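# Topology and contacts: notes
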Amino acid sequence: MENVVNLCIIGAGKFETKLWKEGSRKLNYTEASEKLKSFGQEHLLRYFDELSKEEQEGLLQQIEETDFSVIEALANRDKAAKKGQITPTTSLEIQEIEAKKDKYESLGIKAIQDGKVGAVLLAGGMGTRLGSNDPKGVFDIGISKPLYIFECLIRNLMEVVEKTGAWIPLFVMTSDKNHDKTVSFFKEHEYFGYREDRIWFFKQEMAPAVDENGKILLEEKGRLSTSPNGNGGWFVSLSRNGLLDVIHQMGVEWLNIFAVDNVLQKIADPVFVGAVLESGVEAGSKVVRKASPDEKVGVMCLEDGRPSIVEYYELTDEMREEKNEKGDYAYNFGVILNYLFSVSALERIMSHKLELHVVKKQVTCLDGEGRQIKPEEPNAYKFEQLVLDMIHDLKSCLPFEVIREREFAPIKNATGVDSVETARELLKKNGAQL
Ligand code: UTP
């Protein structure tokens, strides 16, 4: 396993195919400037002579590790991704799940007890909308006593540990920006009662941020502006950090990936696991019934007959209002970023390149005079891969309905919709003491 420090796996810091290894030879100045020249990015060495020896080495290393080819995606920034033919799909709905709940649950419990299920917490995001510089998971949503987002998630997972008597391996994805803080927070809080040797931390890759003209921004004179490359690269990052070997050694066959910000979600839910196993599919996706036809959520569908997710802005008015034979909306089930993937299917699709989404965001950078600015408005483009694009590479995916008020309390914003306030209300409704 490479770059492993105790339990904490140090990410390779790269986006493309080459893995940087500790001790490998770094680029010298001439090689770095040649690499930059081939991508039209020579300006990144503009302040090189002003830097200390250590800063110079850091910059050369970053230039070596960065995949500049992502910038080519900027040309597509205004183009909608090309989709195939979108048609509705069917979901396993609450009633059907209830009818077979015992069967699903015992299948799921057995798989968990056999060590076949692992969980992956996607915690590499920047949480910009929440407005805190800390990792989102360290955010305290308690009222009378502290209750951290990470704590909520571990509690949810512990319910399954208590039910099954099995400790589910938990892989936590971080990024360069929040890794150390995340790891030390878990340590300080004694992993909220989880078994330390069942948690692995790994870093996702970073991608450079560019201006309107495709020029990479500098965050400091000796540092490129970079940001995590989206949640879609999680499996590649897991593998690059040697954790796929760990997964194989432990006999894990299914991975439940979940977002950091949904404090109500069930993780490694035995009923969900059992339903996916019984259906013989390559993946399952937890979904909720849309609150209204125009809710801004991605919806499970078929694209050219394969599983896919259609974004709310890609639905035409006609599709939004379309009904199925039961009289329900045909595009009715929104994804909540909680998926169960077969590891072997993930390995098969791993080499497929995921689409790069170009998003405009606020990025700290140097101005023309070399002074650092923290813009109020989006000023730069970032490149992100998304989990939802992985779904279309699979042969099959089971949409599995969950009750919204019981399993969906996302914290995206500080106030208003999907916020700390709404999540607190939902937690209370579900019996949590805040
Ligand atoms: P969001 O799309 O809500 O992004 O992430 P975010 O970065 O957390 O928040 P904003 O948009 O900056 O306000 C959904 C999930 O994907 C993870 C997040 O941590 C969250 O669990 N994620 C996102 C990553 O792990 N890496 C990324 O690069 C982006």
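For the structure given in this document, a descriptive report is provided here. Since the structure is predicted, the reported quantities are computational estimates derived from the model, not experimental observations.

### Some words on the site of the ligand
Taken together, the neighbourhood of the ligand is formed by 20 residues, with Leu122, Thr128, Arg129, Gln204 and Lys412 sitting nearest. Between Met126 and the ligand, the recorded distance is 2.9 Å, taken from a backbone N or O atom to an oxygen atom. Here Thr128 contributes a side-chain N or O atom positioned 2.5 Å from an oxygen atom of the ligand. Alone, the ligand offers 570 Å² of accessible surface; in the complex the protein occludes 89% of this. Of the residues contributing to the shell around the ligand, the split by class is eight nonpolar, seven polar and five charged.

### A word on the packing of aromatic side chains
Counted under the stated rule, the structure contains 17 aromatic pairs. With centroids separated by 5.9 Å and ring planes inclined at 50 degrees, the aromatic side chains of Phe185 and Phe192 adopt a geometry described as tilted. Among the aromatic residues, ring-to-ring pairing joins Tyr148, Phe150, Phe185, Phe186, Tyr191, Phe192 and Phe201 into one connected group. Above the plane of the ring of Tyr329 lies Lys323, whose end atom (NZ or CZ) is 5.0 Å from the centre.

### Overview of the packing of helix α4 (residues 101–113) against helix α5 (residues 149–164)
Running from N to C, α4 and α5 point in directions that differ by 90 degrees, and their axes come no closer than 10 Å. Comparing the axis directions of α4 and α5 gives the class roughly perpendicular. Residues Glu105, Ile109, Ile112 and Gln113 of α4 form the contact with α5, whose own contacting residues are Val160, Lys163 and Thr164. Here the contact of α4 with α5 is built from residues that sort into three nonpolar, two polar and two charged.

### What about the environment of Leu217?
By secondary structure assignment, the location of Leu217 is in the loop between β7 (206–208) and β8 (218–220). A relative accessible area of 11% means that Leu217 is categorised as buried. Separated by 148 residues in the primary sequence, Leu217 and Cys365 have C-alpha atoms spaced 6.0 Å apart. Setting aside its immediate chain neighbours within four residues, Leu217 contacts Leu44, Ala209, Val210, Asp211, Leu224, Ser225, Val363, Cys365, Asn379 and Ala380.

### Things to note about the pairing of strand β14 (residues 306–310)
Counting buried positions over the five residues of β14 gives four, a clear majority of the element. With five bridges connecting them, strand β13 (residues 299–303) and β14 associate as antiparallel partners. Directly across from Glu303, in β14, lies its bridge partner Arg306. Between β13 and the antiparallel strand that follows it, β14, lie two residues; Asp304 among them carries a positive phi value of about 50 degrees.

### A word on the state of the cysteines
For the structure shown, the criterion picks out zero disulfides. Summary of cysteine pairing: Cys397 is not part of a disulfide, and the nearest cysteine sulfur, belonging to Cys301, is at 11 Å. A relative accessible area of 12% means that Cys397 is categorised as buried.

Basis of the calculations
- Residues numbered from 1 in each chain as written.
- Predicted model: local features only at pLDDT ≥ 70, side-chain atom pairs only at ≥ 80, totals over all residues.
- Heavy atoms only, no water.
- Near = heavy atom within 4 Å.
- Polar contact = N/O pair within 3.5 Å; in protein donor to acceptor, adjacent residues only side chain to side chain.
- Areas by Shrake-Rupley, 256 points an atom, 1.4 Å probe, with all protein chains shown as cover.
- Nonpolar A, V, L, I, M, F, W, Y, C, P; charged D, E, K, R; others polar.
- Phe/Tyr/Trp six-rings, centres within 6.5 Å; stacked < 30°, edge-to-face > 60°.
- Lys NZ or Arg CZ within 6 Å of the ring centre and 35° of its normal.
- Axes fitted to C-alpha atoms, helices over the stretch in contact; angles between N-to-C directions.
- Helix = DSSP H or I, 4+ residues; strand = E, 2+ residues; numbered from the N terminus.
- Parallel < 35°, antiparallel > 145°, perpendicular 65-115°, else oblique.
- Contact = heavy atoms within 4.5 Å.
- Buried < 20%, exposed > 50% of the residue type's maximum accessible area, 1.4 Å probe, protein only.
- Pairing = 2+ DSSP bridges.
- Disulfide = S-S within 2.5 Å.

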